[in-house]
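A look at the structure
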Amino acid sequence: MSLASHSGRFAAPATNAAGQVPLIGLAPDEMQAVMEQAGVPKFRAKQVWHWIYHRGVKDFSAMANLPKDLRALLAEKYAIERPAVAAEQKSSDGTIKWLLKLSDGQLVETVYIPEEKRGTLCVSSQVGCTLTCKFCHTGTQPLVRNLGAEEILQQILHARDVLEEWPKSGEKQTEGRELTNIVMMGMGEPLYNYDNVSKALKICMDADGLNMSKRRITLSTSGVVPQIVQCGEELNVNLAISLHAPDDALRSAIMPINKKYPLAELLDACRNYPSLSEQRRITFEYVMLKDVNDSDDQARALVKLLDGIPCKVNLIPFNPWAGSEFETSSDNRVQKFARILEQAGLDAPVRKPRGRDILAACGQLKSASVRTKKAMREKDTASE
Ligand code: SAH
Ligand code: SF4
């Protein structure tokens, strides 16, 4: 896959506190242009790219086929190290949650979910979220900023490090690794940070790097219609839509973004998403909220709404958090709701909550980071 810089024009990238330019997150032509300024030829920049994204090295000194003086020059001018890990928690079900500390001290969460035949990394796109879906903990986080392409990619590189999944010399990026799938379902609304998400995912799909197939990448959105269209045209990764209600009145009440992009517009964008087929379906996420969106009538309304869209509906038991105003629908209710969808020919798997014991399940991300920040503040105060 060929990559062009996103801006189309080369602008000098920012430097870190040590005055070095972070290379991770630059498109290939941007990386070449940056290095050219220091007199590094293109073919060397390509080798560096390969070391970073194919072999996963974190240190220029490990780039064995580069001359020693060049490695020293690169180490002086550029940065490729990983973010600090503020905390790592393992769930009894094998899920791992990392709290990564970004260069400005902000914290972001990444969750690895091992399953029988695949392993999925749930990646964050923002610190917090500007949207305020009523059932979501992330939406209550006061601090919000976009993550840079570097910070999005670093979550993936970090997981590959921990799982020890980088190919050895001469090996290909093969299937059969533990980390097989990426979902943009962590903190934040990825389509409100489209440029950085798209840049990171293009790098993730690059053949001479992580080489991940677009079929193994899923972007979940609350429904930012214009960027759904752009995402379909430019990335064409799998699309998941946080739907959660079968009509505009209820959806607007629990997801304020629906007032801006109502269901008719959203479902139109879904219908027109490129390359949809029975093999490549849209996933509609539907969090089961007791007595709010879980009735038989609502299931039937959902069937009607999704008519003609190749899709499946993922029913997600609501994951509670302190202060939330909702309750999870009973198992019976969820099963009954699922049956109505299935009888109408829709796949409606019930998502098994993962990592609940470490607050790593859908919609629970945030609390640990806020607690850690509080703990850090208390520690700082104590040592003053
Ligand atoms: N902002 C994006 C992606 C992150 S949210 C989006 O909204 O799609 C990931 C998924 O978790 C979304 O489907 C979201 O609706 C769901 N979710 C949020 N809070 C939840 C909760 N408390 N319980 C279960 N799922 C939740
Ligand atoms: Fe943001 Fe998604 Fe949570 Fe809504 S569900 S507040 S869009 S992270």
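Nothing here was measured: the structure is a model prediction, and the numbers come from that model. (Residues numbered from 1 in each chain as written. Chains lettered and ligands numbered in written order. Predicted model: local features only at pLDDT ≥ 70, side-chain atom pairs only at ≥ 80, totals over all residues. Heavy atoms only, no water.)

1. A short note on the packing of helix 1 (residues 28-37) against helix 2 (residues 42-55)
Cut-off, in case you're wondering: An axis is simply a line fitted to the C-alpha atoms; with a helix, the fit covers only the stretch in contact. Between two such axes, the angle follows the N-to-C directions and lies from 0 to 180 degrees. Secondary structure follows DSSP: runs of H or I at least 4 residues long count as helices, runs of E at least 2 residues long count as strands, and numbering of each begins at the N terminus. Angles are sorted into four bins: roughly parallel if under 35 degrees, roughly antiparallel if over 145, roughly perpendicular if 65 to 115, and oblique for all others. By the definition used in this description, the sense in which the near helix is turned from the far one sets the handedness, with an anticlockwise turn below a right angle giving left-handed and a clockwise turn giving right-handed. By definition, residues are in contact when any of their heavy atoms lie within 4.5 Å. The classification used treats Ala, Val, Leu, Ile, Met, Phe, Trp, Tyr, Cys and Pro as nonpolar, Asp, Glu, Lys and Arg as charged, and all other residues, Gly among them, as polar.
Packing of helix 1 against helix 2 leaves a shortest axis separation of 9 Å and a crossing angle of 125°. One way to sum up the angle between helix 1 and helix 2 is to call them oblique. Helix 1 and helix 2 meet at a crossing whose hand is right-handed. Across the interface between the two elements, P28, M31, Q32, M35 and E36 of helix 1 pack against K42, A45, K46, V48, W49, I52 and Y53 of helix 2. Residues that form the contact of helix 1 with helix 2 fall into these classes: eight nonpolar, one polar and three charged.

2. A look at the site of ligand 1
Counted only if it meets this: Being near a molecule or strand, for a residue, comes down to having at least one heavy atom within 4 Å of it. Here a polar contact is taken to be a pair of N or O atoms separated by no more than 3.5 Å, where protein atoms must pair a possible hydrogen donor with a possible acceptor and residues adjacent in sequence count only if both atoms sit in side chains.
Residues in close proximity to ligand 1 total 21 residues, the closest being F135, G188, S220, S242 and H244. The backbone of G188 places a nitrogen or oxygen atom 2.8 Å from a nitrogen atom of ligand 1. Within the side chain of E189, a nitrogen or oxygen atom sits 3.5 Å from a nitrogen atom of ligand 1. Of the residues that constitute the shell around ligand 1, the class distribution is ten nonpolar, nine polar and two charged.

3. Examining the packing of helix 5 (residues 194-205) against helix 6 (residues 225-234)
Taken N-terminus to C-terminus, the directions of helix 5 and helix 6 make an angle of 20°; their axes are 12 Å apart at the nearest point. The angle between helix 5 and helix 6 falls in the class roughly parallel. The handedness of the crossing between helix 5 and helix 6 comes out as right-handed. Residues Y194, S198 and K202 of helix 5 pack against Q227, Q230, C231 and E234 of helix 6. Its residues assigned to classes, the contact of helix 5 with helix 6 comprises two nonpolar, three polar and two charged.

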